[in-house]
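Coordinate inspection notes
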Amino acid sequence: MTWTDLQTALGREGYVASDDLSVALQLALSLGRPLLLEGAAGVGKTEIARTLSAVKDTQLIRLQCYEGLDASQAIYEWNYQRQLLSIRAAAEAGETGKTVEDRIFSREFLLERPLLAAISQDVPPVLLIDEIDRADEEFEAYLLEILSDFQVSIPELGTITAITRPLVILTSNGTRDLSDALRRRCLYTYVEYPDRETELAILKARCPQIDAQLGAQVIGFVQKLREEELEKTPGVAEMLDFAAALMGLGIADLTSDPAALQATLTTLLKTQSDQAQITPEVAGRFAGKAA
């Protein structure tokens, strides 16, 4: 599959990928390398992993990162309750020593978390490590072994090597710098907000029933909003919600009903200060320029 074939396949699933992103994905697939996607929140980084899993007809395994994430939550942990029950049952049966220990520290009692689960599949899954910049720097060290050798070291069991190699996609919103060691192990691309033509293609793919004039107005309005200094810049998902809200209210022209337009801004503006900043007068002016 060439990068243009991949781009077409993604488009059939409703994801309009730029040439740069399509090439990066194809290289990640052909080279078996993790792909780090960096960019502002809402540009479609997470969605690309979901769409790719659909294109490849394979499982999507997601690890949502957050501050304090550790190996037991991301890689594996032991099922302590089952281990205790097994120890009690063994004691009642008169079993002790190494036989019991070997049994309770076997794969039967191992709880697979996303990273271990991803390398234990018969069919290569898509592994999404989402918002890696939210995790602590120490957590990146846990990832290096997996991203380099696709294996996990478990003291009680030894090294577990991947059955198949997952396609790994990491996303970052840029809230902190990632380590050089992590970056070296990944291919990289920066995902921008889509330009007008691309975003209009996304809208038509996701809302094919939208009127052409309203679609053009929606894109013009949202892209004008992104030029403002907002706390939370509306992304592609918010744009689609905005379009759906307008269609649901039967609005065919952004300038026809200022009160309804202002009401639908709840789909785009997600903080009190942003809603206060975009007054009916400002929204009306944007709507007029988008028309």
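Located above this text is the structure these notes cover.
What comes next is a walk through the structure. (Residues numbered from 1 in each chain as written. Predicted model: local features only at pLDDT ≥ 70, side-chain atom pairs only at ≥ 80, totals over all residues. Heavy atoms only, no water.)

Some points on the packing of aromatic side chains
Our working rule: In summary, the pairing rule links any two rings of Phe, Tyr or Trp, Trp by its six-membered ring, whose centres are within 6.5 Å, and it sorts them by plane angle into stacked for under 30 degrees, edge-to-face for over 60 and tilted for everything else. Helix and strand definitions follow DSSP, with helices as H or I runs of at least four residues and strands as E runs of at least two, each counted in order from the N terminus. A 1.4 Å probe rolled over the protein chains alone gives each residue an accessible area, and that area as a share of the maximum for its type sets the label: buried under 20%, exposed over 50%, partly exposed in between. By definition here, charges over rings are those cases where NZ of Lys or CZ of Arg is within 6 Å of the ring centre and within 35 degrees of the ring normal.
Under the counting rule described, the total for this entry stands at five aromatic pairs. With a centroid separation of 5.1 Å and 90° between ring planes, the pair formed by Trp78 and Phe105 is classed as edge-to-face. One end of the pair, Trp78, is in strand 3 (residues 76–78); the other, Phe105, is in the loop between helix 6 (98–104) and strand 4 (110–112), with 27 residues separating them in the sequence. Trp78 sits in the buried class, given a relative accessible area of 6%. On the basis of an interplanar angle of 75° and a centroid distance of 6.2 Å, the ring pair of Phe221 and Phe286 is categorised as edge-to-face. With Phe221 in helix 11 (residues 212–225) and Phe286 in helix 15 (residues 280–290), this residue pair connects regions lying 65 residues apart in the sequence. The exposure classification of Phe221 matches that of Phe286, with both residues buried. Put simply, the rings of Tyr76, Trp78 and Phe105 touch in pairs and so form one group of aromatic residues. Above the face of the Phe109 ring, Arg82 is positioned so that its terminal group lies 4.8 Å from the ring centre.

Section: the layout of surface pockets
As a reminder, the rule being used: Here the term cavity refers to a set of points on a 1 Å grid, laid over the protein atoms alone, in which a 1.4 Å probe fits but cannot get out; the term pocket refers to an open set having protein on both sides within 12 Å along at least five of seven lines, with lining residues being those that place an atom within 4 Å of a point. Grid points are joined across faces, edges and corners, and a volume is the space filled by probe spheres set on the points. Each residue receives one of three labels: charged for Asp, Glu, Lys and Arg, nonpolar for Ala, Val, Leu, Ile, Met, Phe, Trp, Tyr, Cys and Pro, and polar for the others, Gly being one of them. Where each domain starts and ends comes from a domain assignment, either automatic or drawn from a database.
Reported here for the largest pocket is a volume of approximately 1,000 Å³. Ala41, Gly42, Val43, Gly44 and Val236 are, among the 43 residues lining the largest pocket, the residues nearest its centre. Counting residues per element, the ones that place at least two in the lining of the largest pocket are helix 2 (19–31), helix 3 (45–55), strand 9 (187–190), helix 10 (196–206) and helix 12 (236–248). Looking at the lining of the largest pocket residue by residue, the classes come out as 17 nonpolar, 11 polar and 15 charged. Split by domain, the lining of the largest pocket shows at least three residues from each of two domains, domain 1 (3–75 + 113–190) and domain 2 (196–290). Its volume calculated, the second largest pocket comes out at about 170 Å³. Leu29, Pro124, Arg165, Pro166 and Leu167 are the residues nearest the centre of the second largest pocket, which is lined by 14 residues in total. Elements represented by at least two residues in the lining of the second largest pocket include exactly helix 2 and strand 8 (167–172).

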